[in-house]
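Chain residues, written in single-letter form:
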Amino acid sequence: MGTVRCAAAERILAVAPDGAEYPCTQLVGSDFLAGRLPQDDFTEVWTNSAVMQKYRRFRTNKDYKRSHCGRCEAKMYCGGCRVFAMDALGADPVCPYTNQYLDDDCDILSDIQASIGYTDAGFPLATLDQIEAWLEEDSQRDYPLWLMSKR
């Protein structure tokens, strides 16, 4: 049985022979050091280490969301490998599934922005960040009231 999704800091933590704790067996070195046993409390490192939290939150990073990994249909089952991702937050550049699951010509956020429209000066009526936030709201069926009043 294989691993589903990136497990770094989410379901695994690597401990080196010297007690150094890392978010993954492949993410080792001073930039990835989360703590050190026995000096640091394991639970404290697992729960509160900035390094561990960074890898748990990579899917909320804008660079990730806008990348081919963040838009991929397989993102809930994969997410890309953090070892290969730029600064561990963006897309996995060596993803073997990119072409299979994603049409790079289709950027849904830009399509939505274009359908909402632009001011006479050429500024979008809704930013990509606003559209992204609307799509992620708990109630994904409701559009913003100001948009509904335009109909």
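Overview of the structure. (Residues numbered from 1 in each chain as written. Predicted model: local features only at pLDDT ≥ 70, side-chain atom pairs only at ≥ 80, totals over all residues. Heavy atoms only, no water.)

### Quick word on the environment of Lys62
Turning to step 1, where the next piece is worked out: With respect to the helices, strands and loops of the structure, Lys62 is situated in helix H3 (residues 62-66).
Turning to step 2, where the next piece is worked out: Placed 28 residues apart in sequence, Lys62 and Gly90 show a C-alpha to C-alpha distance of 8.3 Å. (Helix = DSSP H or I, 4+ residues; strand = E, 2+ residues; numbered from the N terminus.)

### Things to note about the side chain of Arg59
Turning to step 1, where the next piece is worked out: Tracing the chain through its elements places Arg59 in the loop between helix H2 (50-56) and H3.
Turning to step 2, where the next piece is worked out: This buried residue, Arg59, is left without a salt bridge; Glu10 holds the nearest opposite charge, at 4.0 Å.
Turning to step 3, where the next piece is worked out: Apart from the residues within four sequence positions on either side, Arg59 is in contact with Arg5, Cys6, Glu10, Tyr64, Lys65, Lys75, Cys78 and Gly79. (Buried < 20%, exposed > 50% of the residue type's maximum accessible area, 1.4 Å probe, protein only. Lys, Arg positive; Asp, Glu negative; His and termini not counted. Salt bridge = Lys/Arg side-chain N within 4 Å of Asp/Glu carboxyl O. Contact = heavy atoms within 4.5 Å.)

### Considering the pattern of salt bridges
Turning to step 1, where the next piece is worked out: Counted under the stated rule, the structure contains 2 salt bridges.
Turning to step 2, where the next piece is worked out: Between Arg11 and Glu10 there is a salt bridge, with the nearest N and O atoms lying 3.0 Å from each other.
Turning to step 3, where the next piece is worked out: The partly exposed category is assigned to Arg11, whose relative accessible area is 43%.
Turning to step 4, where the next piece is worked out: Taking relative accessible area as the criterion, Glu10 reaches 29% and is therefore assigned partly exposed.
Turning to step 5, where the next piece is worked out: Asp18 is the salt-bridge partner of Arg36, the closest N and O atoms lying 3.0 Å from each other. Of this pair, Arg36 sits in strand E3 (residues 35-36) while Asp18 sits in the loop between strand E1 (14-15) and strand E2 (20-22); the two residues are 18 residues apart in sequence, bridging distant segments of the chain.

### Examining helix H7 (residues 128-136)
Turning to step 1, where the next piece is worked out: Residues of H7 that are buried: Ile131, Glu132 and Trp134. One face of H7 carries all of its buried residues, which in axial projection span an arc of 160°. (Arc of directions from axis to C-beta.)

### Comments concerning a nonpolar patch on the surface
Turning to step 1, where the next piece is worked out: On the surface, Val83, Phe84 and Val94 cluster together to form a nonpolar patch covering roughly 260 Å² of accessible area.
Turning to step 2, where the next piece is worked out: With respect to the element layout, Val83 can be found in the loop between helix H4 (68-71) and helix H5 (98-101). (Patch = residues over 30% accessible without salt bridge, like charges linked within 9 Å, V, L, I, M, F, W, Y side chains within 5 Å. Areas by Shrake-Rupley, 256 points an atom, 1.4 Å probe, with all protein chains shown as cover.)

### Section: helix H6 (residues 108-116)
Turning to step 1, where the next piece is worked out: Along H6, the positions that sit buried rather than exposed are Leu109, Gln113 and Ile116. Each buried residue of H6 sits inside an arc of 60° when the element is viewed along its axis, so together they form one side.

### Considering the side chain of Glu21
Turning to step 1, where the next piece is worked out: Counting through the fold element by element, Glu21 comes out in strand E2.
Turning to step 2, where the next piece is worked out: Despite its burial, Glu21 pairs with no opposite charge, the nearest such side chain being Arg36 at 8.1 Å.
Turning to step 3, where the next piece is worked out: Within the structure, the side chain of Glu21 is placed 3.3 Å from the backbone nitrogen of Arg36, a separation counted as a polar contact.
Turning to step 4, where the next piece is worked out: When neighbours within four sequence positions are excluded, Glu21 is seen to be in contact with Leu13, Ala14, Val15, Phe32, Leu33, Ala34, Gly35, Arg36, Leu37, Asp40, Phe42 and Val45. (Polar contact = N/O pair within 3.5 Å; in protein donor to acceptor, adjacent residues only side chain to side chain.)

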